Structures are given as structure tokens and as C-alpha cells.
Number of protein chains: 4
Amino acid sequence: MKLAIFGLGRMGANMARRLSRGGITVVAHNRSRGPIDELLREEEHIVPAYEEADVFRELDGPRVIWLMLPAGEITSQAIERLLPQMSPGDVLVDGGNSRYSETMAHAERVEAAGVHFLDCGTSGGVWGLKNGYSLMVGGTKAGFAHIEPAIRMLAPTPDSGWGHVGPAGSGHFTKMIHNGIEYGMMQAMAEGLAVLRKKSEFDLDLAQVTELWREGSVVQSWLLDLTADALKQEGQGLEAIQPHVADSGEGRWTAIAAIDLGVAAPVMTLALQMRFASQDDEGYGNRVLAMMRNAFGGHVVQRRDES
Amino acid sequence: MKLAIFGLGRMGANMARRLSRGGITVVAHNRSRGPIDELLREEEHIVPAYEEADVFRELDGPRVIWLMLPAGEITSQAIERLLPQMSPGDVLVDGGNSRYSETMAHAERVEAAGVHFLDCGTSGGVWGLKNGYSLMVGGTKAGFAHIEPAIRMLAPTPDSGWGHVGPAGSGHFTKMIHNGIEYGMMQAMAEGLAVLRKKSEFDLDLAQVTELWREGSVVQSWLLDLTADALKQEGQGLEAIQPHVADSGEGRWTAIAAIDLGVAAPVMTLALQMRFASQDDEGYGNRVLAMMRNAFGGHVVQRRDES
Amino acid sequence: MKLAIFGLGRMGANMARRLSRGGITVVAHNRSRGPIDELLREEEHIVPAYEEADVFRELDGPRVIWLMLPAGEITSQAIERLLPQMSPGDVLVDGGNSRYSETMAHAERVEAAGVHFLDCGTSGGVWGLKNGYSLMVGGTKAGFAHIEPAIRMLAPTPDSGWGHVGPAGSGHFTKMIHNGIEYGMMQAMAEGLAVLRKKSEFDLDLAQVTELWREGSVVQSWLLDLTADALKQEGQGLEAIQPHVADSGEGRWTAIAAIDLGVAAPVMTLALQMRFASQDDEGYGNRVLAMMRNAFGGHVVQRRDES
Amino acid sequence: MKLAIFGLGRMGANMARRLSRGGITVVAHNRSRGPIDELLREEEHIVPAYEEADVFRELDGPRVIWLMLPAGEITSQAIERLLPQMSPGDVLVDGGNSRYSETMAHAERVEAAGVHFLDCGTSGGVWGLKNGYSLMVGGTKAGFAHIEPAIRMLAPTPDSGWGHVGPAGSGHFTKMIHNGIEYGMMQAMAEGLAVLRKKSEFDLDLAQVTELWREGSVVQSWLLDLTADALKQEGQGLEAIQPHVADSGEGRWTAIAAIDLGVAAPVMTLALQMRFASQDDEGYGNRVLAMMRNAFGGHVVQRRDES
């Protein structure tokens, strides 16, 4: 099998490696040359495509083009640009983190041109190269058939960790919700560790505690594995790490999707909001509260020049 | 009528003033002399009691002793100390912010000695002197009858803003829940203002917005009145105020009482927790989250030395 | 002054009444005749406009047309239909509950035609007729000048309860956040009452408790006034009322706007989500939880046929 | 090695089996005979102790008595009853789910008599027999040395899944927080599945989705494994399962401990509160909200007789 990957960032490059190591030829394209050359040096079944035109030259029909680009404008523009160059029966895969509603619009446009469109939500982070990725694919059966061999190769095993879950958009939707769940699980774990740490009279070793939970306990999970390892490596005080937690589109879209559907998703949403709070250096809401307490109760407010 | 107030802090002193101005004689006792002398200078119907013994000398039976002391040990010890000096038919009022479960234990002990015990939850803050207090009283009917004239005088009007709500403990319980509601209302308002402020393209004047909501809107409330006034006075940026929000026993006890009763009180509880978050300078949980994101996704963590 | 109101639902009809009673002539238009005739019978300064064309006949330039229509498609279509019939210098007001982002698009279109566009967020519910409305207006100064007399008449007093808060969209944005705050305040109050009720040993009378909080307490508010009155009228058990709480666009949009801005608004959002939970008759998430508990702990699940 | 287990419920009996199968002799005691006889029939190294006195007869000093009893009164009474019969140097283990604060009081009492006291938080549910238990032990080093062989046998492997985490109470505290994290993780997963289900246009197969997440994804976890299996077994609709989710002491105590420590634990707490909401058949808070909406906005309330 032969397919092209567009976008050789952390995810795209590693997926190219995993495919190549499994014997699938990857036509590798990227805006800049560096990542292409690196792949070429390190992996066997890589065909470089420094220009977009090279991709079309290297692929035979039906061509499979797999986008691993930043969601939003960049992905949309790539689809606009590529579609006129593709032929009926070709296959376009969006393996990035696009918002499912945009994906549905993309699918409509692409399928109208007779090109198969598939959205592939991809989980696994930097560990996917070694362990395989969890892959959630949306699109038609006919389109999926074209990429199934690649999906089986990217997955942890040919028969697990992947699924063709539904029509176009459903892959990204499922991946989005996966991330929402991840937010909640992470927040739960972080809160638990924060309470353990605050109970200073027990002088707990959180690297030990997380390590022992890894086997036999109800909270055993991959996130826990990573947490235990990192606490050992960083030192449990984490003094060097700033308490600012970034968030991503998928966390926000999950919360919004739940609202649009009228489903209560309080824990997933709150996990997102606690990240917002961690990013908030102004603390305006808290200033308002301190001010109110002063106004009704005469409670002292700390003023900047006092503290 | 004549009664003794123990504890001339902000609340106790103002209550003594309001009673005195209404013609009720207040035997005023405090650990230190200052607040007694101040009351004596400024109000008419004040009898100073520099020592506890003076209180018993100045009051005729049935004596009414009204505690306005910090909740917890100080209030408990005062009850222990006073009870042996009181006579059956006397009246002991706890007007402070005691936890209702402790109040129930106090009541049992005091009533067993033949002394009436009443718990009086008191809301109104620094505005109570002028506007009157909202008073929630727990205890027996017989006991309540002794203090009803004082209650009517402390309240905004003789016929409103007070109630004998139930048996011993119910006054403090009702006041506690009142504060839980207050936490939730404050947090809702603070969040709303924070969102308005973040929408910088509209360049809203939050002093104007809160002022206009004061009449006709669904959110009109005393908290809004205070907020609007304070935003005008402080300047809407609140730059001088630190974003640290203290919490009090009643907020915590409300959350715990809801858990003990198995009732969902998520908004009241979350309002408390957001205060905890505002007080958290270590941010351990957030460090854990930043570390996890790095561990699974290779996401950059900000380190102390970089920022 | 003379202006036209389009849409004589509960809000539009009452606003027409209040304007008419203040001496402003209202050209009243509605899809169906009934509400026009009712206004005509009951109020003095009403000019009926059974057809849209009548509105243009009755108004002299600059014409002020005030839409009080359901948000979304109906409002958008009305603007599309009316705009070509309006002349430069005329004034179009959207007094409904449109989403502020749609309002900004409407404003751009309308202003491009030389017609003033104003968005007027309106709070006050069924009480506005008597007490006046709280009005938050967005748009240009020049546009606002045309409607200021009407705004002063609709407001509780000519000098309070209204504001020209910023550019187009800011009126609806401010009203939207107002509703978000309202959601939080309501939820806080409902939770507090639920905890009080569950504390059955105190046998509290919640009509009494809410009534006494109305004066002197920190939670005094219009929502509390309504709650106290309703508890008296309905009976505190509220047995006849279903525990299903509807939500509206503004509650949802507030939560989404906070996410879009990256501001934590957990209490406002959670209040919305608790409404979703109240509407959820399937309880799928809870079934999943019950199933999980069974799977790891052997905990009994209640099955349909058992209960 | 030889030790006694008191209490042969689901957890105690399975622990006895696992120890016996590893070659440790278990003196098995239970209030009723049935579970003792069952163990005796099925396992090799079991010594029956139908009366408490039998336990003391069968054990040589230093005796190890391991309580697997319901937390609270029953555990406290057992300790009271057993302590006078034990000798200095003997070892008492509380392997149940006692509240850590009670455990600390027990430890003080027991250690004062010269008897070692250890608290052993135990996770693993019905799967522990096969997979081993995750064990968090609090107490002195000297005491721990006596039970280490049994701990290594109960754990998934002799060198993993267990830890002596700190002084008396710290084992139960750590286990309690473990359960709090579990609540949060479960709720996150349940919410995610509820959103996926509500997105009916994608017609997702949740058994498939959870199955594919089990390998390679960030949310892979034991809870997910169980969920995927259960969805396959039950059918993804879960129609037969009631949406009522029970809660346990540890979930409540975690939330209260966080409040006592002043640490924000919003997700763990909210997960608990959503369980309370699932248990709430009266819906009083929601009735209040529906009533309020009617009071200020004239919104229709559904009444019992209408629906």
C-alpha cells in the first residue's frame, strides 16, 4: 500500500514512521523540508514530496491523501486547494483534530466531487509510534475500505484499538468526547493528589502512592502510569513546573456540544473551567468577590500595596 | 427591657447600639475595656460590665445573656463558665455563628440546667445597625417569649425580617444555609462580571451595567446594590484589590451538611471551592495537570526558570 | 413620540401598554389580529397595524420600528423583509432575546443600508409593565438618541434601570450575561431550600424562612421576594409542580460565550447543567454509573423489573 | 504464616482465599457459620473459628487479627471487644473502609495497650481474588513488618500494588482519596457516553467505541475495560438498569476532607453530588426553580395532573 501524509509535525511524522515500519510506503509532504529529510534518513519506505505536485506524481489512483494538519483554517485551505487536483474515487483523510461540525461540511464538499472523505480521530500522543494509536474513523464504508490496511497498521494491533464508528464527522466527534473524558479523568487525579499533598501530617510520598495504585486498584489507567513515572522523575514537589494548564479545542468543543445537545456534562466542563482558572492571571472575578465581602461585611480586603 | 451582650466586636457592638437606640438597656461586657467605653460614650442605655460578675449584679431574673462571641471554643467555654452562675428560668442566647450541631449540644446541656437556650442566626453585616438585622431563632416557645421584644427591635421592622423558625439548632442551621446561598449568589455575580470584562471589544463600564441592573431586572438584589456602589467607588478595574477570597465556617458547614444529608448542592459547594482555589498559591493540582499533559502529549510545560 | 412595535407577545404587548400609558403613540403590529385588538380596547395611544404596510403608512420619518419577536430565524427574516422598505435615517430596534453574535451581523447589514440599528436587552418579565423594565442598549450614539425617550419611559424611572452600554451587540451580550447570573442565583436559592427541606428534624416552614430573609439579610433580592410569595401561595411542599426546569437560549449562550472567551464560569454553567439533568428522563449516564459499580464491586444494580 | 480474618463478606472471604492459595493459614471467623464452612470446603489452609474464643486458641503470639468488617460502629465495637483479649506485641489490622479520623482514634487506643495497629485500605473489588489487591497500609514500621508477608501475597505481585504509606490513618486516608478519584473518573466516563448517545444522528455503537478506546488511547483504564465488557454484555441501551447511583462513605468523606483542608476538589465533589441527584426522587430544588420561573417570567410550569 502507498499513501501520502500531509503535515509532519509530532503526530504526522510518527504515524509515517509506524506505517513505514509496517511496510506501507508513505509519500511524505510538509511545508518545510526538514521533517521530510529526517524521515527519509531514518525510515525505509518513505518517498519525499517537497512540493504538493510531487504527491500527485508519486501516487497512483485511487490516491489516498492523509492530512495531519492543524485544525481550522489550515486544514480547510488544504482541502480547498487539493480537491480540484483529485479525481473521483480518490480518498481524502482528515486525521487531525478538526471540529466535527466543520468536518461534516468538508465531507459534503469532498464527497460531492466524487472523492471519498474520511475523518480519523487519533489518540495516543507521543506514545503512538511505539504502542500504536487509538483510531476512530467516520465516513462511508466504501471510503473506509481504502484505508483499512493503514488503520490496522497504525492501531496497537490489527484487530484492536480502532473502529469505523459511523458517518462523516463521527470520527472527530468520538475523538472529541474522548478528550472531554480525558479532561475529567485528569482533573480527578490532580485533585486527589492535591488533597493527599495538603494532608501534610501524613507526609505521603505521592510517587509511591501513584505507583502502588498502578496494579490492582480501581483507578489503574494509562494516565496513572504516566503520572507515577513523571512524579518519580520530576520529584513529587513539582516545584519546577508552573501551575498553568493549557486547554485545546477539543475540550472546549466537548463542553459546547453537550450544551447544544442539552446533556449535563458537569465534570468534563468543570475540568475545562479549572484550566481556565489556572490561566487567569487577572483574577477579576475573585477581586469582585473580595470587594463584595468588604462591602457587606466589612471584611478586610488585601490590597496590592499591603501584600 | 434589659439584657446583657457578651462580646462587643463589630456585630455585638452594633447590636447593642440598635437595642439601646430603641430603648432597651444593654449591660455591655467585653474581654477588653475599649469597646465598652466607646459604647458608653456614644449610646444612652448602656450599663458597663467590665467583669463578668458585673453582669450578674446588673441583671434581675430572669436574666437574658446574649453571646456575640467567635464560634467554636470561645463560645463553648463561655457557656461552660456562665451556666453554673445562672438560675433556672434565665435565658442564654447564642447570637454568633456557631455550627448548628454544636449548638444542639449546647442547648441540651443548658436546658438540662433549667436555663432557656436560644440560637439566633444573625445576618446583616455592617449594615444591620442602620437597616436592622435578619434574625433566625431556634429554641423553645417559652424561651423565645423572653427575647421577642429584643428581636423585634433588632429586626428591620418589628414585624418583618425575623422568625422563630424551629427547635434549638434550627436558627443556626437556617443562617448557615443562608450563607451558603449567599456564596452561590456572589459567585454567580462575580463570574458574570468576569465574562463581561473579558469581552473587551465591547469596552463595557461595569459600574454602569451593575447600576442599571439595580432596578427592574431579575437580578436586582442587595448584593448587586453593594457591588454597583463599590465598583463606582473603587473604579471598575479593582486593580488595588487582591484576588484572594476568604471563606468562613458557615460556607464550609453548608457544603458538609448537604453531603451529610445526601442532597446535591453543587453550586453552593462550588462557590466555596472557587474560594479555595483563589487562596491556593501552590497550585499543586495544576502542576500535576501540566506535568501529565507533558507526559502523554509532549506538550510543553512552563518551568519556573523560563517564565 | 411615535414608534411601531412588531410582535405583541407577553413582552411586546406589555411594553406597548407602558409606552402608551406614558403618552407615546404605539403603532402595534402582530401576525394575528387578536393582540392588536386587545391593546386597542384597553389602551389609549395605540394605532393598529394589521398589515406590515400599515406600519410604514402610519410612521413618519425617521421611523422607529421595535422588534419584539422570537430570537433566531423569525427575527432574522423580519429584518430581511423590513430593511428594503426602510429609508436612511430610520431606526430598527431588536428588543428580543437574539444571540449577540447574530445581532452583530444584523447590525452590520442594517447600518450598511444607512438605517440605525440598536439592540435592546430587556429584563423584567411579567412585572415590567408595572415596575418598568431594565434595559441594556447597544448601538451608536446617533441611533440611541432616537429611542432615548422611549427607553426612559419603559425603564423603572426616567433616570434609572437603563443604559446605553456600548456598540451594537453589547446590549444583547449584557442581557445574556444577566440571565447567566440569574441562573446561578436561582440555583443557589433552590439548593439552599432543598437542604433546609431535607433537614426534616427541624420541620422548617420555608415560606416563613424565605419571608424573613426578605429584609435585612444578605440574600435579599427580587428573586427571593418572588420565591417567598410563591411558597406562600403554592404551599411549601410544591407537590403540584413537576421537577422539570426548562432552559433558554441565553443560559446556553452565556456558558458558550465564557468558553469562547476562556473565562471560568463554573457556577453559571453548572446551574444550566442542573436544568439539563432535571430534563433528562432517560438517565443514561446514571445507568452507566450503576452498571460500572456492579462491574467492579459487585454492587447490586436495581433493575427495572425489580423496582 | 498464620493470621485470623474477622468478617467473611465478599472482600474478607476472597482475601482469605487468596492468602490460603498462597500458603498462608487463615483462621476464619464470621458472625454466621455459612461463609466459614464454604471456605473450609473450598480452600486448603483454612482453620475454622466459629467463636471468637477459637481465634485466640488457634493463634500463637504474636497474633495477627485482620478485621474485614463494615466501617463505623461494628468495627469500633469489635476493637473494643478484642483489645482486652490481646497481648502486647499482637497485631490488629483494620482492612475495612473505616473513616481515617476514626482509625486514628482506634490506633491511639490500641497502641496504648502495646498492641500494634495497622490500617489497610484495600482496592480491587470482586476482581482482587484473581488479580490481587491494591493495598495502602498505615502504621508503624514494627507493626508493618508482621504483616508484610501477607500484604505481598494479597497484592497483584509481591513487589507491586502495595505500600506502607505512612503513620496510622494514612492507609485509610489514601484509600479514601483513591475512591474520590474513582468517583471523578467514573463520572467523566459516564458523561462522555451520555453525550455520545444523545448525538443520535451518528448512531454510534457505544460497546464498539469503548472497546476501541481500550488500546492506544489516553483514556485506557481498568474502568474502561469493565465498561466496555459490560456494555457488550448488557446491551448498550442499558434499559434494564435503573438510573440510581448509590454512594459510599468514602466518596462523602473525601469531599469533606477536602473542605476541612481548604483544598478545591470540585470534580470529585461534583461526581458525588450527581449521585445524590440521581437518588433524589422528590426533586424539591427543581420544583423551586420551576416555580420561580413561573413567578418572574410567567413561564408555564408542568403540574402533576397535567403530565
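Residues numbered from 1 in each chain as written. Chains lettered and ligands numbered in written order. Predicted model: local features only at pLDDT ≥ 70, side-chain atom pairs only at ≥ 80, totals over all residues. Heavy atoms only, no water.

### Comments concerning the nonpolar core
Then step 1. Of all hydrophobic cores here, the largest spans 208 residues; its most connected members are W213 of chain A, W213 of chain B, W213 of chain C together with W213 of chain D.
Then step 2. When sequence neighbours within four positions are dropped, the list of residues in contact with W213 of chain C reads S134, M136, T174, H178 and I181 of chain B together with L193, L196, V219, Q220 and L224 of chain C. (Core = buried A, V, L, I, M, F, W, Y, C linked by side-chain atoms within 4.5 Å. Buried < 20%, exposed > 50% of the residue type's maximum accessible area, 1.4 Å probe, protein only. Contact = heavy atoms within 4.5 Å.)

### Some points on the packing of aromatic side chains
Then step 1. Per the stated rule, a full pass over the model turns up 20 aromatic pairs over all chains.
Then step 2. For the pair F144 of chain C and W162 of chain C, a centre-to-centre distance of 5.8 Å together with 25 degrees between the ring planes defines the contact as stacked. Of this pair, F144 of chain C sits in helix α7 (residues 141–154) while W162 of chain C is found in strand β8 (residues 162–166), placing the two residues 18 residues apart along the sequence. Side by side, F144 of chain C and W162 of chain C carry an identical accessibility label, which is buried.
Then step 3. Linked through ring pairs, Y100 and F173 of chain A together with F202 of chain D together constitute an aromatic cluster.
Then step 4. Geometry around Y183 of chain B places R275 of chain B over its ring, the cationic atom sitting 3.7 Å from the centre. (Phe/Tyr/Trp six-rings, centres within 6.5 Å; stacked < 30°, edge-to-face > 60°. Helix = DSSP H or I, 4+ residues; strand = E, 2+ residues; numbered from the N terminus. Lys NZ or Arg CZ within 6 Å of the ring centre and 35° of its normal.)

### Some details on unusual backbone geometry
Among all residues save glycine, negative phi is the norm, and among peptide bonds the norm is trans.
Residues and elements named next belong to chain A.
Then step 1. Residues G61 and P62 are joined by a peptide bond in cis, for which omega reads -10 degrees.
Then step 2. By the element assignment, P62 lies in the loop between α3 (52–58) and β4 (64–67).
Then step 3. With a phi angle near 45 degrees, D203 is a residue other than glycine that sits in the positive phi range.
Then step 4. The topology assignment puts D203 in the loop between α8 (170–198) and α9 (206–213).

### Some thoughts on the sheet that holds β8 of chain C
Then step 1. Ordered by their spatial adjacency, eight strands build an open sheet running β3-β2-β1-β4-β5-β6-β7-β8 (chain C), and the pairing between neighbours is mixed. Strands with a single pairing partner mark the edges of an open sheet, and in this sheet they are β3 (46–49) and β8 of chain C. Averaged over neighbouring strand pairs, the angle between their axes works out to 25 degrees when direction is ignored.
Then step 2. Sheet contacts for helix α9 (residues 206–213) of chain B: β7 (134–139) and β8 of chain C; angle to β8 of chain C, the most-contacted strand, approximately 150 degrees.
Then step 3. Its contacts with the sheet place α7 of chain C against β1 (2–6), β4 (64–67), β5 (91–94), β6 (116–123), β7 and β8 of chain C, and it is angled at close to 30 degrees to β6 of chain C. (Pairing = 2+ DSSP bridges. Axes fitted to C-alpha atoms, helices over the stretch in contact; angles between N-to-C directions.)

### Some details on the interface of chain C and chain D
Then step 1. Contact with chain C, which involves 59 residues of that partner, is made by 59 residues of chain D.
Then step 2. When chain C packs against chain D, close to 5300 Å² is buried across both sides, 64% of that on carbon and sulfur atoms.
Then step 3. If you look at where chain C meets chain D, you find two salt bridges.
Then step 4. R197 of chain C serves as the salt-bridge partner of E282 of chain D, at 2.7 Å between the closest nitrogen and oxygen.
Then step 5. Inspection of the region where chain C meets chain D yields twelve residue pairs in polar contact (both at pLDDT 80 or more).
Then step 6. For the side of chain C that touches chain D, the secondary-structure elements that each account for two or more residues are α8 (170–198), α10 (222–234), α12 (266–279) and α13 (284–297) of chain C.
Then step 7. No other element matches the 13 residues that α13 of chain C contributes to the side of chain C that touches chain D.
Then step 8. By residue class, the composition of the side of chain C that touches chain D is 31 nonpolar, 17 polar and eleven charged. (Buried area = accessible area lost by both parts, 1.4 Å probe. Salt bridge = Lys/Arg side-chain N within 4 Å of Asp/Glu carboxyl O. Polar contact = N/O pair within 3.5 Å; in protein donor to acceptor, adjacent residues only side chain to side chain. Nonpolar A, V, L, I, M, F, W, Y, C, P; charged D, E, K, R; others polar.)

### A few points about the sheet that holds strand β3 (residues 46–49) of chain B
Residues and elements named next belong to chain B.
Then step 1. Taking strand neighbours across the sheet as the criterion, the eight strands line up as β3-β2-β1-β4-β5-β6-β7-β8 in an open arrangement whose pairing is mixed. Looking at which strands have only one partner, the edges of the open sheet turn out to be β3 and β8 (162–166). If you compare each strand with its neighbour and ignore which way they point, the axes differ by 25 degrees on average.
Then step 2. Bridge analysis of strand β6 (residues 116–123) against strand β7 (residues 134–139) gives six bridges, and the strand direction is antiparallel. In the strand pairing of β7, L118 is matched with G139.
Then step 3. Strands β5 (91–94) and β6 of the sheet are contacted by helix α5 (residues 100–112), whose axis makes an angle of about 150 degrees with β6.

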